[in-house]
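Residues per chain are reported as follows:
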Amino acid sequence: MPLLPGAEPFRRDGGEVGVLVCHGFTGSPQSVRPWAEYLADQGLTVSLPLLPGHGTRWQDLQITTWQDWYAEVDRELRALTERCTTVFVCGLSMGGALALRLAAKHGDAISGVAVVNPANKVHDAAGPLLPVLRHLARTTKGLTSDIARPGAEEVGYDRVPLHAAYSVRRFFQQVDSELPGVTQPLLVMTSPQDHVVPPVDSERILSRVSSTDVRQTLLERSFHVATLDHDAEQIFRDTFAFITRLAPHAQADAASEGTAASGGA
């Protein structure tokens with residue numbers, strides 16, 4: 001199937017500091033591409049994969065599971081660790097949950113985690129009924145484009161396939177049980193006004209991880225897809241500051257990128 005416009009994966013080689021960026025459920029790389037591109041422009045090596053079943057049509061998502069989505073980001077992480085000396089993981093929404101599971105599973109191979117409105121639970125009242133509902137109906141209404149900024153839109157599906165919704169609910173339960181295994185420095189960026197993932201999910205994550213270096217930023221002007229919203233630049237700057245605090249050699253990569261850009265102008 002042809003990809004939706006903007007749903008293409010993004011990769012760019014840079015310096016020795018690598019960043020894996022994960023998009024959310026029913027979304028696509030478009031929702032976090034500006035985040036990935038900003039980090040790549042600072043001289044970092046960045047990978048933003050397209051999760052299986054995403055970026056085409058909802059029917060393709062219907063036949064995938066969380067194991068497929070996690071396997072994709074796990075492969076990308078392993079490739080980054082072969083290429084880079086220091087690696088960070090980032091994610092939006094379910095992508096945040098993917099990033100946290102990678103951190104729990106890969107330990108010292110990951111130097112830090114930065115997440116935006118990370119999802120931890122399916123809050124819909126019908127969530128507990130998904131084991132049955134998924135056999136009675138194929139889809140429910142979509143989740144995309146919860147954005148405060150006028151004119152901004154998220155590329156994703158306008159329907160949520162219920163088999164996939166059932167799988168994501170099981171995934172969140174799995175990740176919740178693994179959060180105590182997250183020990184890396186953690187940056188959590190949360191929108192108080194989020195109509196998809198309530199701020200209580202961020203609080204739950206912060207209460208369960210074992211990280212001692214923890215920072216939280218409130219995105220006061222943005223809704224769920226904050227990476228395309230009013231606070232996007234703050235997300236980008238805060239993430240790069242977080243990375244350079246933990247990996248000062250990333251500053252050298254940024255300086256080198258700036259010198260190369262000015263030399264080519």
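Before reading on, note that the structure itself is shown above.
Thresholds applied
- Residues numbered from 1 in each chain as written.
- Predicted model: local features only at pLDDT ≥ 70, side-chain atom pairs only at ≥ 80, totals over all residues.
- Heavy atoms only, no water.
- Axes fitted to C-alpha atoms, helices over the stretch in contact; angles between N-to-C directions.
- Helix = DSSP H or I, 4+ residues; strand = E, 2+ residues; numbered from the N terminus.
- Parallel < 35°, antiparallel > 145°, perpendicular 65-115°, else oblique.
- Left-handed = near helix turned anticlockwise from the far one by under 90°.
- Contact = heavy atoms within 4.5 Å.
- Nonpolar A, V, L, I, M, F, W, Y, C, P; charged D, E, K, R; others polar.
- Pairing = 2+ DSSP bridges.

Asks: Go over the packing of helix 3 (residues 66–83) against helix 4 (residues 94–106) with me, naming the residues and quoting the values.
Replies: Between helix 3 and helix 4, the shortest axis-to-axis distance is 10 Å and the interhelical angle comes to 60°. Considered as vectors, helix 3 and helix 4 are oriented oblique to each other. Between helix 3 and helix 4 lies a crossing whose hand is right-handed. Residue-level contacts link W66, W69, Y70, V73, D74, L77 and R78 of helix 3 to M94, L98, R101, L102, K105 and H106 of helix 4. For the contact of helix 3 with helix 4, a count of residues per class yields 8 nonpolar, 1 polar and 4 charged.

Asks: Give a description of the sheet that holds strand 4 (residues 86–92) that names residues and reports values.
Replies: Ordered by their spatial adjacency, 7 strands build an open sheet running 1-3-2-4-5-8-9, and the pairing between neighbours is mixed. Because the sheet does not close on itself, it has two edges, and the strands there are strand 1 (10–12) and strand 9 (214–218). For this sheet, the mean angle separating the axes of adjacent strands, direction not counted, is 15°. Alignment of strand 2 (residues 17–22) against strand 4, held across 6 bridges, turns out to be parallel. Bridging across to strand 4, V19 finds its partner in F88. Across the face of the sheet, helix 4 comes into contact with strand 2, strand 4, strand 5 (112–116) and strand 8 (186–190) while running at roughly 150° to strand 4.

Treat this as a map of the structure, not an account of what it does.
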